[in-house]
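Per-entry structural report
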Amino acid sequence: MDRASQVLAQALPVDVPRTYAALSDWGDEHAHSQQYLTPEEEKAMVKFLLLMSSLGHPVRIKFLPSLAFSIARRRSNVTTNNLIKPPGKNWPRAFETRHPELKARRVKAIDWKRHEGNI
């Protein structure tokens, strides 16, 4: 089911009118409230990933959940006893689609023949 159909099928609060514009706005608000990282945290993470890539150390997509988890743990307060769970298994792909400036690239291994010539 696509995202628009999911928003239309949801039970809405009483104060939200049943217009398509209001449903769309409520769906966006609801989606933002359910995001794992805040928009500022996501901007910082994108900036870090672009910096690492420009320095020649691209970050693997498998590393993104642990990085996001460490960011989210810093946000939590120890006194409130809010347990922060790690992001879900589909979170890295969703993060990548939300930020098109991040491009996944395949890195080829160095040829063994080239390695022997440089020793």
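In what follows, the structure referred to is the one given above.
Below is a short write-up of the structure. (Residues numbered from 1 in each chain as written. Predicted model: local features only at pLDDT ≥ 70, side-chain atom pairs only at ≥ 80, totals over all residues. Heavy atoms only, no water.)

This next bit is on the pattern of salt bridges. Enumeration according to the criterion identifies two salt bridges in this entry. The partner of Glu-96 in a salt bridge is Arg-93, with the nearest N and O atoms 2.6 Å apart. Of this pair, Glu-96 and Arg-93 are both found in helix α5 (residues 91-98), three residues apart, which corresponds to roughly one turn of the helix. (Salt bridge = Lys/Arg side-chain N within 4 Å of Asp/Glu carboxyl O. Helix = DSSP H or I, 4+ residues; strand = E, 2+ residues; numbered from the N terminus.)

What follows covers the side chain of Glu-41. Relative to the elements of secondary structure, Glu-41 occurs in helix α3 (residues 39-54). In contact with Glu-41, other than residues within four places in its own chain, are Ile-71 and Arg-75. (Contact = heavy atoms within 4.5 Å.)

Running from N to C, helix α4 (residues 64-75) and α5 cross one another at 85°; their axes reach a closest spacing of 9 Å. Between α4 and α5, the interaxial angle falls into the category roughly perpendicular. Each of Leu-64, Pro-65 and Ala-68 in α4 lies in contact with α5, whose residues at this interface are Trp-91, Pro-92 and Phe-95. (Axes fitted to C-alpha atoms, helices over the stretch in contact; angles between N-to-C directions. Parallel < 35°, antiparallel > 145°, perpendicular 65-115°, else oblique.)

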